[in-house]
Amino acid sequence: MEVYLDNAATTKPCAEAIEAAVEAMTDNYGNPSSLHRVGLNAQLLMDGARKAIADSIGVESGCIIFTSGATESNNLALRGASAAYGRKRKKIVISAVEHASVEETAADLEKKGFEIVRVSPREDGKYYAADFVNACDDDTCLISMMYVNNETGYIMPVKETFSAVKRKFPEIITHTDCVQAYMKLPVKANALSADLISLSGHKIHGAKGVGAIYIKKGVRVLPVVTGGKQEKGIRSGTESVPLIAAFGAAVKKLAPTISERYEKVSRLKAYLLDKLGGIEGVTVNSPEDGSPYVVNISAVGKRSEIMLHFLESKEIYVSSGSACSKGQQSGVLGQFSIRDKRADSALRISMTAETTEEQLDIFYEALREGMEKVRG
């Protein structure tokens, strides 16, 4: 029995998303920029997906721009906003635990003359809005903070931080990477005081290769990709209608059940942690009040990669951290005071509402066996 517990890396597409993609490829295959009926049908399909995503975060459809994924959305947010507002204001504030697509983009902007301030957690391992506000000043053009950390499930204080920043520095553009929060926690642009929001299709049972960025009305973002003026000229290139249709179908399916699914996964997390408490040497790295969808543990004394492949031999699939890091430590765990042997033995278990207690039982038994058999 396959036990897939790496849903923070990607989720299995739902039947509705697959059906929507196939329909777009077979029936509505036109170029949405074409002026004839076949093109119009593709455009209408795309409009429906755009509206579903916009409605889900409480904004107008025209504020949603489709991209190739959240990595592009994050790049567009940082590069596009800094290009628009960074001529005189050359500071960008981010958290020290951002996804590589934010951190590496910020590092590149740093080489080009921007001052990048990376805010770390305090000694208690928590983030506080005041630390971000204090890092901002009149020279700051942008602040970027992920909503849910992809490695630990830590829920960042986005709402408190952005609202405080806007009160003191209303000109600062606020961006949040909501990849691990969208369709799992309530994500509403106004409630978060977010000017820019990055979203991904394949993390919510849609397809890989598609994402979106919300751009608040009146906020300027200069394009990174130029060409045929698609997506209001902000992201040129013929849109992938099948992937966009799949994205929209997944949103339509999941949006009505966010709270119910959160409660179910919370029960699964509690069940898992109770089981893991019986294995000597296993330490939980995720915070108690973190997202239940991501549980980070350490099988202390057993290197992550070795344990990961032991579990894989039993058709149990977890990860050792961010899928983008290919097994290399990203430094995020260290920011949360998870270092040395604990970091070297970290495993990330990520669930969905489709995960079952039976699957968690199988994982538990295999992990317990691995703790006895696997050599460091």
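Starting afresh in each chain, residues are numbered from 1 along the sequence in its written order. Predicted model: local features are reported for residues with pLDDT of at least 70 only, side-chain atom pairs are reported and counted for 80 or more only, and whole-chain, interface and lining totals are derived from all residues. The basis for every side-chain value is the complete set of heavy atoms in the structure, and neither hydrogens nor water enter the calculation.

Caption draft 1: Quick peek at the overall build of the chain. Scanning the chain for helices and strands turns up 13 helices and 12 strands. With C-alpha atoms as the basis for the radius of gyration, the globule rule is written as 2.2 Å multiplied by the number of residues raised to the power 0.38. Computed over its C-alpha atoms, the radius of gyration of the chain comes to 21 Å, within 12% of the 21 Å expected for a compact globule of 376 residues. The principal-axis extent of the C-alpha atoms belonging to the chain is close to 65 × 50 × 35 Å. For the chain, buried positions account for 56% of its 376 residues. Within the chain, contacts between residues at least 6 apart in sequence are counted, and of these 73% link residues at least 24 apart. Residue exposure ignores everything except the shown protein chains as possible cover, and the areas themselves are Shrake-Rupley values with a 1.4 Å probe. For the chain, the exposed surface amounts to about 16500 Å²; the carbon and sulfur share of it is 50%. In this tally, Lys and Arg are treated as positive and Asp and Glu as negative; His is ignored, and so are the chain termini. Here the site of a charge means NZ on Lys, CZ on Arg, CG on Asp, or CD on Glu. Looking at charge distribution, the chain has the averaged site of its 47 positive side-chain charges lying 5 Å from that of its 47 negative ones. Only DSSP runs of H or I covering at least 4 residues are called helices, and only runs of E covering at least 2 are called strands; the numbering of each starts at the N terminus. Under the scheme applied here, a residue whose accessible area is under 20% of the maximum for its type counts as buried, over 50% as exposed, and between as partly exposed, the area being computed with a 1.4 Å probe on protein chains only. Contacts are assigned to residue pairs that have any heavy atoms within 4.5 Å of one another.

Caption draft 2: Main features of the packing of helix H1 (residues 15–26) against helix H8 (residues 241–254). Put simply, H1 and H8 touch, their axes get as near as 7 Å, and they point 150 degrees apart. If you check the angle between H1 and H8, you find them roughly antiparallel. Helix-helix and strand crossings are classified by hand; for H1 and H8 the assignment is right-handed. Between H1 and H8, the contacting residues are Glu16, Ala17, Ala20, Ala21, Ala24 and Met25 on the first element and Val241, Pro242, Ala245, Ala246, Ala249 and Lys253 on the second. The axes are straight lines fitted to the C-alpha atoms, using for helices just the contacting stretch, and the angles between their N-to-C directions are given from 0 to 180°. Comment on the angle field: the value is read as roughly parallel under 35 degrees, roughly antiparallel over 145, roughly perpendicular from 65 to 115, and oblique elsewhere. In this scheme the crossing of two helices becomes right-handed for a clockwise turn of the near helix relative to the far one and left-handed for an anticlockwise turn of less than a right angle.

Caption draft 3: Main features of the sheet that holds strand S5 (residues 140–144). A sheet is described by the order of its strands in space; here 7 strands give the open sequence S2-S8-S7-S6-S5-S3-S4, paired in mixed fashion. The outermost strands of the open sheet, each flanked by one partner alone, are strand S2 (64–67) and strand S4 (115–119). Strand-to-strand twist across the sheet, computed as the mean angle between neighbouring axes with direction ignored, equals 20 degrees. Criterion used throughout: strands pair if DSSP finds at least two bridges between them. Pairing geometry for strand S6 (residues 173–177) and strand S7 (residues 196–200), over 3 bridges, is parallel. Its bridge partner being in S7, His175 is matched across the sheet by Leu196. Of the strands in this sheet, strand S3 (91–95), S4, S5 and S6 are in contact with helix H4 (residues 100–111), which crosses S4 at around 145 degrees.

Caption draft 4: Summary view of the nonpolar core. Ranked by size, the top nonpolar core spans 69 residues in total, and within it Tyr127, Tyr147, Met156, Tyr182, Val187, Ile197 and Phe247 carry the most contacts. The leading source of residues in this core is H8, at 9 residues. Once you skip the residues sitting within four places of it in the chain, Ile197 turns out to touch Ile57, His175, Thr176, Cys178, Val187, Ala189, Ala212, Ile213 and Tyr214. Within the second largest apolar cluster, 28 residues are counted, among which are Leu268, Tyr293, Val295 and Phe363. In these notes, a set of buried Ala, Val, Leu, Ile, Met, Phe, Trp, Tyr and Cys residues joined through side-chain atoms within 4.5 Å is what counts as a nonpolar core.

Caption draft 5: Region of interest: the packing of helix H10 (residues 304–312) against helix H13 (residues 357–373). Between H10 and H13, the shortest axis-to-axis distance is 10 Å and the interhelical angle comes to 130 degrees. When the interaxial angle is binned, H10 and H13 end up oblique. Remark: the crossing between H10 and H13 carries right-handed chirality. The segment H10 lies against H13, with Met307, Phe310 and Leu311 engaging Phe363, Ala366, Leu367, Glu369, Gly370 and Met371. Across the contact of H10 with H13, the residue classes break down as 7 nonpolar, 1 polar and 1 charged. Gly falls in the polar group here, along with every residue not listed as nonpolar (Ala, Val, Leu, Ile, Met, Phe, Trp, Tyr, Cys, Pro) or charged (Asp, Glu, Lys, Arg).

Caption draft 6: Region of the structure containing unusual backbone geometry. In this model, Ser193 sits at a positive phi of 55 degrees, which is unusual for a non-glycine residue. Assignment of secondary structure puts Ser193 in the loop between helix H7 (189–192) and S7. For Ser193, a relative accessible area of 22% puts it in the partly exposed group. In this structure, Glu315 is a non-glycine residue whose phi angle is positive, near 60 degrees. With respect to the helices and strands, Glu315 occurs in the loop between H10 and strand S11 (316–317). You can call Glu315 partly exposed: its relative accessible area is 39%.

Read these as geometric descriptors, not functional statements.
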